[in-house]
Amino acid sequence: MDEGVLRDLLAGVQAGEIHPDEAVRQLRRLPFGDLGFARVDHHRRLRSPLGEVVYGPGKEPAECAAIVAELLAAGPGPVLLTRAGATQASAALAANPGGRQHGSVVVWRPGEAVAADVVIATAGTADGPVAAECEAVLAAHGVTARRLNDVGVAGVHRLLVEVGALQEAAAVVVVAGMEGALPSVVGGLTAAPVVAVPTSTGYGAALEGVTALLSMLASCAAGVTVVGIDNGFGAAAAVLRMLDGAGSPE
């Protein structure tokens, strides 16, 4: 349940169109639904631009399916299952028809299109899966991102031809492994908010993303936001919060 749904419910009671008992039945799901193994937060969209999202790792397929069902039953808005394995995705889709799988992300009830110019830039092709997670989460909330693939600093001329897109963007997500230098370069080329995502790609001294993470945190481009290693979901969430604060998504 989000703020709009709650306002409509209260207005319906005030106008005599909804019986108070029906309103109580709907509100009984707030603030959470207790499934025994999980307490599903139905109050989150009243506090945040994103509702609760189901994180797949560590959950049984049946648990994923049940949590998705609980979120779908609670009211409108996108429902997402992230980092889903094959059996988790299959179980959730079988129990809850109508979802669509985008890589490791499964989406039910995607949001209406939002006018927001968001760019996702990857340093290399190996960073693609993390960028794809970010792209799928944004798309689930109505934001279609433009991808700039393989524009890392080893061939910076590949990035420079896209300066116009960077400067016109409302937000830029930069996904990079190795030494993680790309966000600093992008941050120096655009006034848009830059969200940097370190990835675990790279050779020995890359330390499975730690080097890129520290490099991004020490960026000389002021104001770059950094999320955790391989956290495409977190980057999308950061962008959605920015857009919500600017009045773009509902």
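For the structure itself, look to the data block above.
What counts as what
- Residues numbered from 1 in each chain as written.
- Predicted model: local features only at pLDDT ≥ 70, side-chain atom pairs only at ≥ 80, totals over all residues.
- Heavy atoms only, no water.
- Helix = DSSP H or I, 4+ residues; strand = E, 2+ residues; numbered from the N terminus.
- Buried < 20%, exposed > 50% of the residue type's maximum accessible area, 1.4 Å probe, protein only.
- Lys, Arg positive; Asp, Glu negative; His and termini not counted.
- Salt bridge = Lys/Arg side-chain N within 4 Å of Asp/Glu carboxyl O.
- Polar contact = N/O pair within 3.5 Å; in protein donor to acceptor, adjacent residues only side chain to side chain.
- Contact = heavy atoms within 4.5 Å.
- 1 Å grid on protein atoms, 1.4 Å probe; cavity = no way out; pocket = protein on both sides within 12 Å on 5 of 7 lines; lining within 4 Å.
- Points joined across faces, edges and corners; volume = space filled by probe spheres on them.
- Nonpolar A, V, L, I, M, F, W, Y, C, P; charged D, E, K, R; others polar.
- Core = buried A, V, L, I, M, F, W, Y, C linked by side-chain atoms within 4.5 Å.
- Expected span 1.5 Å × (residues − 1).
- Patch = residues over 30% accessible without salt bridge, like charges linked within 9 Å, V, L, I, M, F, W, Y side chains within 5 Å.
- Areas by Shrake-Rupley, 256 points an atom, 1.4 Å probe, with all protein chains shown as cover.
- Pairing = 2+ DSSP bridges.
- Axes fitted to C-alpha atoms, helices over the stretch in contact; angles between N-to-C directions.
- Right-handed = clockwise from strand over helix to strand, strands pointing away.

Novice: Can you help me understand the side chain of D127 in this one?
Specialist: Structurally, D127 is set in the loop between β7 (118–122) and α5 (128–140). R147 provides the closest opposite charge to the buried, unpaired D127, separated from it by 9.2 Å. One polar contact links D127 to T201, side chain to side chain, over a distance of 3.1 Å. If we ignore the near neighbours within four places in the chain, the residues touching D127 are T122, V175, A176, G177, T199 and T201.

Novice: Please clarify how the layout of surface pockets should be interpreted in this entry.
Specialist: Here the second largest pocket defines a volume of roughly 240 Å³. If you go around the second largest pocket, you meet 19 residues; those closest to its centre are A123, G124, G152, M178 and E179. Considered class by class, the residues forming the lining of the second largest pocket number 8 nonpolar, 7 polar and 4 charged.

Novice: Where do I start with unusual backbone geometry in this structure?
Specialist: At R83, a position not held by glycine, the phi torsion is positive, near 50 degrees. With respect to the helices and strands, R83 occurs in the loop between β4 (79–82) and α4 (86–95). Positive phi, normally seen in glycine, also occurs at M178, with a value near 50 degrees. Relative to the helices and strands, M178 resides in the loop between β9 (171–176) and α8 (182–187).

Novice: Can you help me understand the nonpolar core in this one?
Specialist: One broad trend across soluble globular proteins is that nonpolar side chains are buried collectively. Counting residues in hydrophobic clusters, the biggest one holds 31 residues, and the most contacted among them are V118, I120, L138, V143, V173 and V239. Put simply, the parts of the chain that give this core at least two residues each are β6 (105–108), β7, α5, β9, β10 (194–198) and α10 (232–245). If near-sequence neighbours (up to four positions away) are discounted, V173 is found in contact with V119, I120, A121, C134, V195, V197, A235 and V239.

Novice: What should I look at first to understand helix α3 (residues 61–74) in this one?
Specialist: Note: α-helices contain 3.6 residues per turn, so residues at a spacing of three or four share the same orientation. Over its 14 residues, α3 extends 20 Å from the first C-alpha to the last, a length consistent with the 20 Å expected when each residue adds 1.5 Å. Every buried residue of α3 is listed here: C64, A65, I67, V68, E70, L71, L72 and A74. Directly beyond the C-terminal end of α3, a positive phi value near 150 degrees is found at G75.

Novice: Please explain a nonpolar patch on the surface as it appears in this structure.
Specialist: On the surface, L207, V210, L214, L217 and I229 cluster together to form a nonpolar patch covering roughly 440 Å² of accessible area. Overall, the relative accessible area of 34% leaves V210 in the partly exposed class.

Novice: Would you explain the sheet that holds β9 in this entry?
Specialist: In any sheet, the strands associate via hydrogen bonds between backbone groups, in a parallel or an antiparallel arrangement. Pairing in this open sheet of 5 strands is parallel, and the strands run β8-β7-β9-β10-β11 from one edge to the other. Strands at the two margins of the open sheet, each flanked by one partner only, are β8 (145–148) and β11 (225–226). Relative to β11, β10 runs parallel, the two sharing 2 bridges. What sits directly across from V195, in β11, is T225. Set on the sheet, helix α9 (residues 210–217) makes contact with β9, β10 and β11; between it and β10 the angle comes to about 155 degrees.

Novice: Got a minute to help me understand the environment of F32 in this structure?
Specialist: Its location among the elements puts F32 in strand β1 (residues 32–34). Residue classification places F32 among the partly exposed positions, given a relative accessible area of 35%. Residues F32 and L71 lie 39 residues apart in sequence; the distance between their C-alpha atoms is 9.9 Å. If we skip the residues at most four places from it in the chain, F32 touches R39, V40, D41 and H42.

Novice: I would appreciate a short explanation of the sheet that holds strand β3 (residues 54–55) in the present structure.
Specialist: Strand order in the open sheet formed by 4 strands is β3-β4-β6-β5, and the pairing between neighbours is mixed. If you trace the sheet from one side to the other, it starts and ends with β3 and β5 (100–102), each paired once. The pairing of β5 with β6 spans 3 bridges and is classified as antiparallel. Residue H102 lies in a different strand from β6, and its bridge partner there is V105. Contacting β3, β4 and β6, α3 runs over the sheet at an angle of about 160 degrees to β4.

Novice: Looking at this structure, how should I read the pairing of β7?
Specialist: Along a regular strand, successive side chains alternate from one face of the sheet to the other. Of all 5 residues in β7, 5 are buried, a share of seventy percent or more. Burial along β7 is two-sided: V118, I120 and T122 facing one way and V119 and A121 facing the other are all buried. Read from β7 through α5 to β8, the crossover connection turns out right-handed. Bridge analysis of β7 against β9 gives 5 bridges, and the strand direction is parallel. Each residue of the ladder has a partner; that of V119, found in β9, is V172.

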